[in-house]
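Results of the structural survey
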Amino acid sequence: MPVAVPPLPFPDETLAIVPLADPAADESGFDPRSAYVEQFWLGILGPSTTWLVRRMASGLDAEPEGFLLDLAETSRALGLGERQSRHSPFARALVRCVHFDLAQPRGLGVLAVRRKVPALNGRQVQRLPNSLQGRHATWQHGQAGPATDEARRRACQLALSLLELGEPVDAAERQLGIWRYPAPVVRQAVTWAVDHHRAAMVAAGQPHPDGGPAA
């Protein structure tokens, strides 16, 4: 399905860049200028979008509350030319940021941008060359060591937060996996969160999350 072009103020204007609040992703993700992004995300995003994400991250480092991005100047700085049409290379780089959920439009002329980039999901890894798929598997294996009590506690709280936001159990499991928690920790955390969430709803006299009546 085609990605809709966000409502950006072309041509020759500025775009307000603000931080996209996501505490869990901010804690577990990668800096856009990190080796992980350069090694694995580059082939997914393409060089123009990768450099744009890095440029916006640097801007948010300097001005954490947000800043104005000069579109024409930034396009030239990234080697994408001066034309600011809705179908220019620079506009397509902005759209790819939205397509890969690294940014979200916030009305005309405002773009909320993630400070951290998540780990690739399984489908994205499959798009990498075989050599990089192997490197990513090696990286994942290194992340799957014994979990600390603090990591388990954090996974439980994240799983509970997802369920309280209305996410189904399988979606909560997938999200914890994206946040690089090992499979055994994911299973334990989601099981705990389901029980805790159900008990809280029963205590509040609300229907069970699975649709059953409250006790």
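Anything mentioned here points back to the structure above.
Calculation rules
Residues numbered from 1 in each chain as written. Predicted model: local features only at pLDDT ≥ 70, side-chain atom pairs only at ≥ 80, totals over all residues. Heavy atoms only, no water. Axes fitted to C-alpha atoms, helices over the stretch in contact; angles between N-to-C directions. Helix = DSSP H or I, 4+ residues; strand = E, 2+ residues; numbered from the N terminus. Parallel < 35°, antiparallel > 145°, perpendicular 65-115°, else oblique. Contact = heavy atoms within 4.5 Å. Nonpolar A, V, L, I, M, F, W, Y, C, P; charged D, E, K, R; others polar. Core = buried A, V, L, I, M, F, W, Y, C linked by side-chain atoms within 4.5 Å. Buried < 20%, exposed > 50% of the residue type's maximum accessible area, 1.4 Å probe, protein only. Pairing = 2+ DSSP bridges. Expected span 1.5 Å × (residues − 1). Phe/Tyr/Trp six-rings, centres within 6.5 Å; stacked < 30°, edge-to-face > 60°. Lys NZ or Arg CZ within 6 Å of the ring centre and 35° of its normal.

1. Regarding the packing of helix H3 (residues 47-62) against helix H5 (residues 89-99)
One can describe the packing of H3 onto H5 by two numbers: an axis separation of 9 Å at closest approach and a directional angle of 75 degrees. Of the possible angle classes, the one that applies to H3 and H5 is roughly perpendicular. Together, Ser-48, Thr-49, Leu-52, Val-53 and Met-56 of H3 and Phe-90, Ala-93, Leu-94, Arg-96 and Cys-97 of H5 make up the contact between the two elements. Among the residues making up the contact of H3 with H5, the classes are represented as seven nonpolar, two polar and one charged.

2. Things to note about the nonpolar core
Ile-17, Trp-41 and Leu-52 are the most contacted members of the largest nonpolar core, which totals 34 residues. Setting aside chain neighbours within four positions, we find Leu-52 in contact with Leu-69, Thr-74, Leu-78, Phe-90, Ala-93, Leu-94 and Cys-97. Ranked by size, the runner-up nonpolar core spans 20 residues in total, among them Ala-151, Ala-172, Val-190 and Val-194.

3. As for the pairing of strand S1 (residues 14-19)
A regular strand carries its side chains on alternate faces of the sheet. The sheet contact formed by S1 and strand S2 (residues 67-70) spans four bridges and is antiparallel. Within S2, the position partnered with Leu-15 by the bridge is Leu-69. The pairing of S1 with strand S4 (residues 110-113) spans four bridges and is classified as parallel. Bridge pairing in S4 places Val-18 opposite Ala-112.

4. Here we look at helix H8 (residues 149-164)
Compared with an ideal rise of 1.5 Å per residue, which puts 16 residues at 22 Å, H8 spans 23 Å between its outermost C-alpha atoms and is within 8% of the ideal. Those residues of H8 lying buried are Ala-151, Ala-155, Cys-156, Leu-158, Ala-159, Leu-160, Leu-162 and Leu-163. Where H8 is buried, its residues touch helix H1 (23-28), helix H9 (169-178) and helix H10 (183-203). The positive-phi residue at the C-terminal boundary of H8 is Gly-166, with phi of around 95 degrees.

5. Description of the packing of aromatic side chains
Following the criterion strictly, the structure yields three aromatic pairs and no others. Relative to Tyr-36, the ring of Phe-30 lies with its centre 4.0 Å away and its plane at 5 degrees, an arrangement referred to as stacked. Comparing Phe-30 with Tyr-36 shows no difference in burial state: the two are buried. Of the aromatic side chains, those joined through ring pairs into one cluster are Phe-30, Tyr-36 and Phe-40. Positioned over the ring face of Trp-51 is Arg-54, at 5.4 Å from the centre of the ring.

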